[in-house]
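# Topology and contacts: notes
Each chain, letter by letter, is given below.
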Amino acid sequence: MDEKMKKLIVICGAPGSGKTTVQNYLLKKYGFQRVITHTTRQPRIMEKNKVDYYFESEDSFYKNHFIEYVEYAGHMYGSSYEGLELAFQKSDTVTIVLDTKGVLSYKKAIKDIQTLFWYIKVPDTKQISGRILKRGESEQEVAKRLTSLEARRDMTIPQKLVPFCTVIENGVWQNTKHIVNQTLKDAGFKV
Ligand SMILES: Nc1nc2c(ncn2[C@@H]2O[C@H](COP(=O)(O)OP(=O)(O)O)[C@@H](O)[C@H]2O)c(=O)[nH]1
Ligand SMILES: Nc1ncnc2c1ncn2[C@@H]1O[C@H](COP(=O)(O)OP(=O)(O)O)[C@@H](O)[C@H]1O
């Protein structure tokens, strides 16, 4: 594929802010592909291996060729060169969900691809735990993730991301869809 055709949308934000919901909207409405990343955490009820993540053991995780990897709330997460390549084989625009630390590493590593960076923000953070609980996780699990150092860091946009990251407010979903469409349009995507 011509490198100039390739486009990447990097999505970050707090747990439960709607990163996956926004990504799924992009896949459904625009036919973009998602970059599947790797994790050592257990799959949630509806999650499937090789669709939502490559679910890895502590050993198999380190066998991948990572662009970057992080520890987040006690589990490992990493994005591989293979995952990115596979997504680009299927579409010239792909999206990836990362934590905010991974965004900085990714930005440094991937320089030849036109990239949009989005930080998903919930206007009222009190809504977050309610939204996550609807996803079917236990209250204990949700509490552990939300109180982690990484989740607290990602609850607001880190200063280093401000110069290049577009903040997408995810309050009422109907409005979010318009914001996403408009943001793509502003970036020169045909919508
Ligand atoms: N740096 C990095 N972060 C990742 C990767 N894959 C997922 N994440 C992030 O890891 C964090 C935890 O993800 P997850 O367990 O799915 O929880 P969620 O944010 O509540 O949906 C989120 O901030 C994801 O964006 C990766 O490959 N690299
Ligand atoms: N605008 C919204 N209004 C209400 N619920 C939402 C909205 N956006 C996402 N959700 C719900 O919030 C929960 C967390 O969203 P999700 O996309 O899984 O978050 P993340 O990937 O950031 O952890 C899901 O149950 C999802 O259906």
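Going by the structure above, here's the rest.
Notes on the structure in this doc start here.

Thresholds, definitions, all that
- Residues numbered from 1 in each chain as written.
- Chains lettered and ligands numbered in written order.
- Predicted model: local features only at pLDDT ≥ 70, side-chain atom pairs only at ≥ 80, totals over all residues.
- Heavy atoms only, no water.
- Near = heavy atom within 4 Å.
- Polar contact = N/O pair within 3.5 Å; in protein donor to acceptor, adjacent residues only side chain to side chain.
- Areas by Shrake-Rupley, 256 points an atom, 1.4 Å probe, with all protein chains shown as cover.
- 1 Å grid on protein atoms, 1.4 Å probe; cavity = no way out; pocket = protein on both sides within 12 Å on 5 of 7 lines; lining within 4 Å.
- Sits in = over half its atoms within 2 Å of the grid points.

## Things to note about the site of ligand 1
In the region of ligand 1, 19 residues are neighbours, and Arg41, Tyr53, Glu68, Tyr77 and Arg145 sit closest. The side chain of glutamate 68 places a nitrogen or oxygen atom 2.8 Å from a nitrogen atom of ligand 1. Here aspartate 99 contributes a side-chain N or O atom positioned 2.8 Å from a nitrogen atom of ligand 1. Contact with the protein chains covers 98% of the free accessible surface of ligand 1, which is 570 Å².

## Things to note about the site of ligand 2
As a structural note, the neighbourhood of ligand 2 is formed by 13 residues, with Lys19, Thr20, Thr21, Arg135 and Asn170 the closest of them. Between ligand 2 and serine 17, the relevant distance is 3.2 Å, taken from an oxygen atom to a main-chain nitrogen or oxygen of the residue. One of the side-chain N or O atoms of arginine 135 is found 2.8 Å from an oxygen atom in ligand 2. Burial of ligand 2 by the protein amounts to 76% of the accessible area it has alone, namely 560 Å². With respect to the detected pockets, ligand 2 is housed in the largest pocket.

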